[in-house]
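Observations on the model geometry
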Amino acid sequence: MMAQYLEIKEAHPGALLFYRMGDFYEMFFDDAVAASEALDIALTKRGKLNDQDIPMCGVPVHAAEGYLLTLIRKGFRVGVCEQLEDPAEAKKRGYKAVVKRDVVRLVTPGTLTEDSLLDARRHNFLAAFAEVRDESALAWVDISTGAFNVMTCATNRLSPELARLTPREVLLADGSEMEKVVREAGAAVTDLGRSAFDSTLGEKRLCSLYDVASLDAFGSFTRAQISAMAAIVEYLEITQKGNLPLLRTPVVEGETANMQIDAATRRSLELTHGTTGGRAGSLLATIDRTLTAAGARLLERRLSSPSRHLETIMVRQDAITFLTEDSKLRGTLRDCFRSVHDVDRALSRLALDRGGPRDVAAVRNTLTQAEQVAAYLNDDMPALLAQSAADLTGHNELLDLLDQALVAEPPMLARDGGFIAPGYDAELDEARELRDEGRGVIARMQQQYAELSGVNSLKIKHNNVLGYFIETPATHAEKMMTPPLNETFIHRQTTANQVRFTTVELSDIETRILNAGGRALEIEKRLFSSLRSQVIGQAGRLSAMARALAELDVCCGLSDLARAENWVRPVIDSSRAFELKGGRHPVVEQALKKDGETFVANDCELTDTNIWLLTGPNMAGKSTFLRQNALIAVLAQMGAWVPAQSAHIGLVSQIFSRVGASDDLARGRSTFMVEMVETAAILNQADDRALVILDEIGRGTATYDGLSIAWATLEHLHDVNRCRALFATHYHEMCQLADKLDGVANATVAVREWEGDVIFLHEVRKGTADRSYGVQVARLAGLPPAVVERAKVVLEALEKGDREGGGKQKAIIDDLPLFAAVAAPPAPQTKIEPSKIDAKLKDIFPDDLSPREALALLYELKELAR
Ligand SMILES: Nc1ncnc2c1ncn2[C@@H]1O[C@H](COP(=O)(O)OP(=O)(O)OP(=O)(O)O)[C@@H](O)[C@H]1O
C-alpha cells in the first residue's frame, strides 16, 4: 500500500494527498505533519519505512469538506485520491492485493465547485496571465458558473485588473515576472509549464473544447488571449482529471469598457470589501438588495466594473426607472425571485458529475419561476426587461419532462433513490411495488411468527450482516430452539440479551425484496443520468435564463433601494459635467440612520472649475464628502440611481482616490512612501476624463515639505492632467492657488464654535476655512487636559510667530513658559457668563429664534444627548 501511496504522491507534486482508506482520508509523511498543524488534528504514526516511523494523520470522509476548505484557505492544494474499486474486488486478485486508487481531482483555490466551499454570493475566479511577444492578456473563469472572459492586459494593468476581479488563483507561465504582482493581489500563484501557454496548441485545444473549426465564431482573439484561455483549459483538464466543467463561450472584454479603478482606490473607497476585508461596511453591502445568489454575484461584478459605455448605462437606467415607477410589478417579481435557485452552480456540478437530483430539481423549480416572471413582462417595457423575457421562456419541453420525472423534494444524491416521481417510468413503478409489497409481507410474517411461537415481543429486523432476521428476548431461547418451533426457526446468532433466527420463507422474501429494491435504485440511477444529459444539453439556454433572472434581480434590487432611500436617476452624457445637488454618502448615511441621525447633504460642482480645494476643520466631514462624490460616480456608471437630489455626470474614465494613510511595512514602505507611490500613480496616469480625490497629500512629512508637495501636485493636476478633482488639505496657504489657477475653487466644511468647542455642521460651502480646530477635536477625543492646554499655548505662540514673521518665531518659542508651568488644567467652567449667552446663541441659531427659545432648545438637546 505504501508503494502505491508513494507512486501516486510522486505523480502529484505540490499537492497534499488525501489518500482514501475506508471511511478516512489519510495523510502520510510531510503531508501529515503540515496538515495536522494546519488543521489542528492529532499527528500519529503508522508503520515504518526504512526503519523510520511514518507520520500519519487523517480526517473522516463525511467531514472532509470542512477540512478541505481550511486547507485551501491556508494556501494548500489537495489531491483527492479515491478507492476505485470495492475492497472485495481487490481480494479476488489475491490476499495481499491493494485496492486500486487514484487521484480523481485536484482541489485548488480557483477550482472549487462545492456549495459548502463557496460563497454563494461571490464569484470564485481562476485567472491566467499570458505574455506572447510584446502583448499580454488576462483570462478568467468561474468554474462554478462557467463564466469565461478574456481581455488584453498590459503588464502594468495587471494589478488593477486583479483588484477588480479578485481571483483566488492565477496561472502564470514558469519564470513569469508577474508572480509578485499576483501575490500582492492576494491570489494564489500556480506556475504552469510554458507548453500550457502555447497559443497554437491552445487554439486547437479550445476548438476541440467548443467543437468548432475556428474560434472566429466567438470573436477575434489575439495570440496572448488564446494563450491565456488555453492555459485555463489545460489546468482544468489537469485538476478535474478530464472531467471538464461547462465553460460558456469566451467573451472578450474591451480594455476601455470599464471605468479604471486601481487597487488602492478600491480599498480606500471600500467598494466591495470593507476595511476588515469582508463585505461589512462596503458600498456593496449597503446597496445589495438582491434575493438570488446569481443576482448578488452580478451586482458585485457591476459595482467592481462600472461601465464607460453610455448606451450600456442608459439601458440599465431605463429598466431601473421603469421598475421604480411600478412598485407592484417590482414586488411581484421579487416574490418570484425568492424561489429561484442557483442554476449556474447546479449546472456546473451536473456537468462535473458532482451533482444530484436536487440540482436537477433546482433547474426545474427555477424554470417554473422563470415562466411566471416572463408572464409579467412584455415588449413595451424597456429593452433590458423585454430582452430578459425572451430568455426566460421557451423551455416548456424540458420543464414538462422534469415536472413529470421528479418528486417535489428529491434527495441530494442519486444513490439515495426515491427522486423519480411515480408514474414516470413503468419499469420503476413495478420494481418499487414489489419492494414495497415485500415490506408489507414482512410485517404480516412478524405477526404470524409471534402467534406461532407465542412470543409477543418477537420482531423481524434487518442489519447489514444478517439481512432480515427474527429476534426474541434471550429468555425465549430454549423454547424457540426445541421442537416443534425449531422446525421453523433456524438459529443464527445469540447476543447478550437476544436470540436471532431465520426461516426458509424469510430468506426467500428477503431475496425478493432486495432484488426489487436494488433494481429500483438501478433504474433511478439510469433515469437520473438521462435527465442530467438532457439538462446539460440545454446548458447554454439555461445559462441565458439564469443570467436574465440575475439581471432582473439586480434591477429590482436597485429600484427598491432607489425608492426606499430616495435616490435619483443621474443624467449621464459625454460632457465634462460633474454637478451633484444634495449628494450623500450612502454608507455613512445608512450608519447614521441606524443611530437616528441625519446625514447632511452637500452639492459638488466641478463642471466650470475642475478642482475644488477643500479646507476645513478635522472631523468636519471632508473625507466623507470626497468619497461620496467618487461613490456617486461609480454608482452612476454601473447603471444605478444615486444618493442625491439631482446628478449630472459626464462619463468618468478613471477614478483615483488617495484617502487616509496606511503603511505597508510588509513591502518595506512607510506611510509616507505609500502615499507618494499612490500620488505618483495618479499624476502619471490620470487623463482628462478622470475623477481624482486626494485627501491631505503631504501630511506624512515635515510641514513645509508636505505643503510644497501638495502645492505642486495640485498644479500638476490642473495644468497637466486637467482632470476633475477634489483636493482636501489642512494647508490653508494653498487657498491662494484659487486666485492663480482658473480651474481651482476654494470650498470649506462649516463648523461653529461654542464655548471653545466645535460644533460640526457638515455643510460644504464655497470659501476657505480660517483654522483647523485640531486642538478642539483633540480635546473631544480625550487627550489629557494638560496636553490640550499646552497645545493651545504652543499654537498661539506659533501663530504669533507666523504673523510677526522676520525670524521672530524662535524668540517667541524660546519665551514659552515651561510645560509644567502651564500644564495644570483650568477649573472646569460651571457657569457661562450671562452677557455672553445672547451673543453666542445668535451665532448659532437662525435670527428668528429668540434667545429664550434657543436656550430652551439647547437644554432639550442636552437632555437628549444625556
Ligand atoms: N455630511 C455629513 N452629515 C452627517 N455626518 C457627517 C457628514 N460628513 C461626515 N459626517 C460625520 O463626521 C465624521 C468625520 O467625517 P470625516 O472623516 O469625513 O472628517 P474629516 O474632515 O475628513 O476629518 P479629518 O480631517 O480629521 O480626517 C464621520 O465619521 C461622520 O460620522
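Calculation notes
Here the residue index of a chain counts from 1 through its sequence in written order. Per-residue local features are limited, in this predicted model, to residues with pLDDT of at least 70; the limit for side-chain atom pairs, both in listing and counting, is 80 or more; totals at the level of whole chains, interfaces and linings are taken over all residues. UniProt positions are given in the numbering used here, feature names are shortened, and annotations may be inferred rather than shown by experiment. Here a strand pair is declared whenever DSSP counts at least two bridges between the two strands. Secondary structure elements follow DSSP: runs of H or I of four or more residues count as helices, runs of E of two or more count as strands, with numbering from the N terminus. As a rule, the C-alpha atoms of each element are fitted with a line to give its axis, helices using only the stretch in contact, and angles between N-to-C directions run from 0 to 180 degrees. C-beta atoms are placed from the backbone for every residue, and two residues are taken to be in contact when these atoms lie within 7 Å. Counting other C-beta atoms within 10 Å of a residue's own tells you its class, since 20 or more makes it buried, 12 or fewer makes it exposed, and anything in between is partly exposed; those C-beta atoms are placed from the backbone. Should the C-beta atom of a residue, placed from the backbone, lie within 6 Å of a molecule or strand, that residue is near it. Residue classes follow a fixed rule: Ala, Val, Leu, Ile, Met, Phe, Trp, Tyr, Cys and Pro count as nonpolar, while Asp, Glu, Lys and Arg count as charged, and any other residue, Gly among them, counts as polar. Our arc is simply the arc of the directions from the helix axis toward the C-beta atoms. As used throughout, domain bounds are those supplied by an automatic or database domain assignment. To form a nonpolar core, buried Ala, Val, Leu, Ile, Met, Phe, Trp, Tyr and Cys residues must be joined through C-beta atoms within 7 Å. Orientation is classified from the angle alone, with under 35 degrees giving roughly parallel, over 145 giving roughly antiparallel, 65 to 115 giving roughly perpendicular, and any other angle giving oblique. Left-handed describes a crossing in which the near helix is turned anticlockwise from the far one by less than a right angle; the clockwise case is right-handed.

The protein carries the name DNA mismatch repair protein MutS in an unreviewed UniProt entry, which gives Marivivens donghaensis as its organism. According to its UniProt record, the protein has this under Sequence similarities (unreviewed entry): "Belongs to the DNA mismatch repair MutS family."

Quick look at the sheet that holds strand E18 (residues 571–573)
Sheet architecture is open: four strands sit in the order E18-E22-E19-E20, paired in mixed fashion. For this open sheet the edge positions go to E18 and strand E20 (602–605), each flanked by a neighbour on one side alone. This sheet shows a mean twist of 10 degrees between the axes of neighbouring strands, independent of strand direction. Across four bridges, strand E19 (residues 578–583) lies against strand E22 (residues 646–650) in antiparallel orientation. Residue pairing in the sheet places Glu 579 in a bridge with His 648 of E22. Sheet strands touched by helix H23 (residues 622–637): E18, E19, E20 and E22. Its angle to E19, the strand with the most contacts, is close to 110 degrees.

Let's talk about the UniProt feature "binding site: ATP" (unreviewed entry) in the protein
Per the UniProt annotation, the sites labelled "binding site: ATP" (unreviewed entry) are Gly 616, Pro 617, Asn 618, Met 619, Ala 620, Gly 621, Lys 622 and Ser 623. Not counting chain neighbours up to four residues away, the residues in contact with Gly 616 comprise Lys 622, Thr 748, Val 749 and Ala 769. Here Asn 618 is to be found in the loop between strand E21 (611–615) and H23. For Asn 618, a count of 18 C-beta atoms within 10 Å puts it in the partly exposed group. When near neighbours in sequence (up to four residues on either side) are disregarded, Asn 618 contacts Ser 772, Tyr 773, Gly 774 and Val 777.

Section: the site of the ligand
The local shell around the ligand holds 13 residues, among which Asn 618, Gly 621, Lys 622, Ser 623 and Thr 624 are the closest. Of all the elements in the fold, those that place two or more residues in the shell around the ligand are helix H22 (586–594) and H23. Residue contributions to the shell around the ligand peak at three residues, all from H23. Class assignment for the residues of the shell around the ligand results in six nonpolar, six polar and one charged.

So, the sheet that holds strand E16 (residues 490–494)
Taken in spatial order, the four strands make up an open sheet running E14-E15-E17-E16, and their pairing is antiparallel. Here the strands that pair on one side only, and so sit at the sheet edges, are strand E14 (459–463) and E16. Adjacent strand axes in the sheet meet at a mean angle of 40 degrees, parallel and antiparallel pairs treated alike. Across the sheet, helix H18 (residues 426–453) lies against E14 and strand E15 (467–473), angled at about 135 degrees from E14, the strand it touches most. Packed onto the sheet, helix H20 (residues 504–537) meets E15 and strand E17 (498–502) and runs at close to 140 degrees relative to E15.

A short note on the UniProt feature "domain: DNA mismatch repair proteins mutS family" (unreviewed entry) in the protein
In this numbering, the UniProt entry assigns the feature "domain: DNA mismatch repair proteins mutS family" (unreviewed entry) to residues 690–706. Summarising residues 690–706: 24% helix, 29% strand, and an end-to-end C-alpha distance of 24 Å.

A closer look at the pairing of strand E2 (residues 24–28)
As paired strands, strand E1 (residues 16–21) and E2 are joined by three bridges and run antiparallel to one another. Each residue of the ladder has a partner; that of Arg 20, found in E2, is Tyr 25. The sheet contact formed by E2 and strand E4 (residues 52–60) spans five bridges and is antiparallel. Residue pairing in the sheet places Phe 28 in a bridge with Met 56 of E4.

A word on unusual backbone geometry
Only a minority of non-glycine residues have a phi that is not negative, and only a minority of peptide bonds are not trans. Put simply, Pro 483 and Pro 484 share a cis peptide bond, and its omega is 0 degrees. Inspection of the secondary structure puts Pro 484 in the loop between helix H19 (477–480) and E16. Phi is positive for Asp 40, close to 55 degrees, though the residue is something other than glycine. You can call Asp 40 exposed: it has 8 C-beta atoms within 10 Å. In this model, Glu 696 sits at a positive phi of 55 degrees, which is unusual for a non-glycine residue. Here Glu 696 lies in the loop between strand E24 (691–695) and helix H25 (703–721). Overall, Glu 696 belongs to the buried group, with 21 C-beta atoms counted inside 10 Å.

Describing the pairing of E15
By the bridge criterion, five bridges tie E14 to E15 in an arrangement that is antiparallel. For Asn 463, the partnering residue across the bridge sits in E15 and is Gly 467. A loop of three residues connects E14 with E15, the two strands running antiparallel in sequence.

Describing helix H2 (residues 29–39)
Along H2, the residues that are buried comprise Asp 31, Ala 32 and Ala 35. One side of H2 holds all its buried residues, which, seen down the axis, span an arc of 95 degrees. Across H2 from its buried face, at more than 90 degrees, point the exposed residues Asp 30 and Glu 37. If you follow the buried residues of H2, they end up packed against E1, E2, E4 and helix H3 (64–73). Asp 40 sits one or two positions beyond H2 and adopts a positive phi of about 55 degrees.

Digging into the environment of Glu 82
Within the secondary structure, Glu 82 sits in strand E5 (residues 78–83). With 16 C-beta atoms packed within 10 Å, Glu 82 lands in the partly exposed category. In this structure, the C-alpha to C-alpha distance between Glu 82 and Val 170, residues 88 residues apart in sequence, is 27 Å.

Examining the domain arrangement of the protein
Here the protein is described as being made up of domain 1 (2–107), domain 2 (120–255), domain 3 (293–304 + 316–395 + 538–560), domain 4 (426–502), domain 5 (571–776) and domain 6 (831–866). The centre of domain 2, based on its C-alpha atoms, is set 27 Å off from the matching centre of domain 3. Residue-level contacts link 14 residues of domain 2 with 16 residues of domain 3. By residue class, the composition of the side of domain 2 that touches domain 3 is four nonpolar, six polar and four charged.

Quick word on the nonpolar core
If you look at the biggest cluster of nonpolar residues, it comprises 172 residues, and the most contacted ones within it are Ala 228, Ile 232 and Val 692. Considering every element that reaches this core, the biggest residue donor is helix H21 (residues 539–565), with 14 residues. The next biggest cluster of nonpolar side chains, apart from the first, holds 25 residues, and it includes Tyr 5, Tyr 19, Leu 71 and Leu 118.

Section: the packing of helix H15 (residues 357–375) against helix H17 (residues 396–405)
Close contact between H15 and H17 brings their axes to 10 Å; oriented N to C, the two are set at 125 degrees. Considered as vectors, H15 and H17 are oriented oblique to each other. Helix-helix and strand crossings are classified by hand; for H15 and H17 the assignment is left-handed. Across from Val 360, Val 363, Arg 364, Leu 367 and Thr 368 in H15, the residues of H17 making contact are Leu 398, Leu 399, Leu 402 and Asp 403. Across the contact of H15 with H17, the residue classes tally to six nonpolar, one polar and two charged.

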